[in-house]
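Survey of secondary and tertiary structure
Below, each chain spelled out in residue letters.
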Amino acid sequence: MRILITGATGLIGSSLTARLLALSHHITVLTRDERRARARLGDQPSYWQTLDDRQSLDDFDAVINLAGEPIADKRWSAQQKERLCRSRWDLTERLAQLIKAGSTPPGVLISGSAVGYYGDQGQAVVTEEEPPHDEFTHQLCQRWETLALQAQSDATRVCLLRTGVVLAPQGGALAKMLPPFRFGLGGPIGDGRQYLPWIHLDDMVNGIIYLLDHATLTGPFNMVAPYPVHNEQFAAQLANVLDRPAFLRVPAFVMRLLMGEAAVLVLGGQRAVPKRLEEAGFHFRYLELEQALDDVINQRASAR
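Residues numbered from 1 in each chain as written. Predicted model: local features only at pLDDT ≥ 70, side-chain atom pairs only at ≥ 80, totals over all residues. Heavy atoms only, no water.

**Side note on the pairing of strand 1 (residues 2–6)**
Taken across its 5 residues, strand 1 has 4 buried, putting it largely inside the fold. With 5 bridges joining them, strand 1 and strand 2 (residues 26–30) adopt parallel strand pairing. Within strand 2, the residue paired with Arg2 across the bridge is His26. For the crossover from strand 1 across helix 1 (residues 11–22) to strand 2, the handedness is right-handed. The pairing of strand 1 with strand 4 (residues 62–65) spans 4 bridges and is parallel. (Buried < 20%, exposed > 50% of the residue type's maximum accessible area, 1.4 Å probe, protein only. Helix = DSSP H or I, 4+ residues; strand = E, 2+ residues; numbered from the N terminus. Pairing = 2+ DSSP bridges. Right-handed = clockwise from strand over helix to strand, strands pointing away.)

Written out as structure tokens, the structure is:
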């Protein structure tokens with residue numbers, strides 16, 4: 001396949017790009033910084049720096065749209081919220097326009113979203129049909145998805161990736177969690193009862209490729225492992241894998257002081273399950289959290 005990828009240098013995108021190249025797909029990477037992207041991804045992909053001079057995307061069989069400013073790296077000021085939205089909405093809208101403008105458009109657009117689409121759902125089991133709680137993460141993701149769906153037609157199907165916390169050997173949320181846990185200073189956040197929907201990076205990449213290869217699949221998919229855990233359980237499992245204690249609970253008010261409104265990302269949660277992905281026949285490699293953590297932490301240690 002000829003595939004255009006945005007966000008290819010990110011946590012998911014870099015691993016996905018490497019896998020697709022290994023499968024002999026022809027990859028074009030959209031990036032504002034070609035030198036940085038080439039250093040990370042190599043010389044095998046083609047590189048575009050802009051879509052401004054494009055009239056369509058008829059040269060591609062598929063588009064995978066993973067671009068977006070990291071949501072948890074900064075406090076949510078009004079300006080930061082605007083950056084988070086615009087980094088997702090503007091590019092997605094442009095991709096949809098170019099797909100619609102073509103005479104032989106790509107057969108599929110696979111576009112990013114997040115379990116934040118649902119907002120904080122407490123203890124409820126969250127499938128793709130769950131009504132959302134209206135808050136900032138829902139508003140961001142809902143508009144993001146709506147723009148992607150504008151590309152849908154008889155010629156182009158659209159798949160939406162409602163992604164949870166991706167566990168990877170390098171980068172991502174786990175990289176931020178590890179230092180305090182390694183020093184025995186980790187523990188639950190708040191009351192620890194909020195659910196944390198997680199997925200191993202390998203399953204995330206395999207899931208995207210599964211959606212790419214199965215032409216009947218369309219719509220939203222919860223990209224999470226089948227068994228989400230409470231924050232308290234996650235802390236205990238991570239500490240166990242690291243052979244460290246995990247008893248220093250971080251009070252909710254501390255997270256609100258540190259993160260402001262963005263604290264909802266760690267104090268709220270979704271008990272999201274991959275109902276549609278499993279119904280489609282996808283099989284997860286990593287079903288249990290301890291198995292996934294053990295794998296990524298061992299990979300991290302081997303890379304040193």
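**Considering the sheet that holds strand 11 (residues 219–223)**
The 7 strands are arranged 3-2-1-4-5-7-11 in an open sheet whose pairing can be described as parallel. With one partner strand each, in any of the chains shown, strand 3 (46–48) and strand 11 form the two edges of the open sheet. Here the average twist between neighbouring strands, direction ignored, is 20°. The pairing of strand 7 (residues 157–163) with strand 11 spans 5 bridges and is parallel. Opposite Thr163, over in strand 11, you have Met223 as the bridge partner. Along the sheet face, helix 4 (residues 136–149) touches strand 4, strand 5 (108–114) and strand 7 and points at about 175° away from the line of strand 5. (Axes fitted to C-alpha atoms, helices over the stretch in contact; angles between N-to-C directions. Contact = heavy atoms within 4.5 Å.)

**Quick look at unusual backbone geometry**
Its identity as a non-glycine residue notwithstanding, Ser24 has a phi of 70°, on the positive side. One non-glycine residue, Asp243, lies in the positive phi region at around 60°. By the element assignment, Asp243 lies in the loop between helix 7 (231–242) and helix 8 (252–259).

**As for the pairing of strand 7**
Of all the 7 residues making up strand 7, 7 are buried; the element is thus mostly covered by neighbouring parts of the structure. Neither face of strand 7 is left uncovered, since the one carrying Arg157, Cys159, Leu161 and Thr163 and the one carrying Val158, Leu160 and Arg162 both have all their residues buried. The pairing of strand 5 with strand 7 spans 7 bridges and is classified as parallel. Bridge pairing links Ser111 to Leu160 in strand 7.

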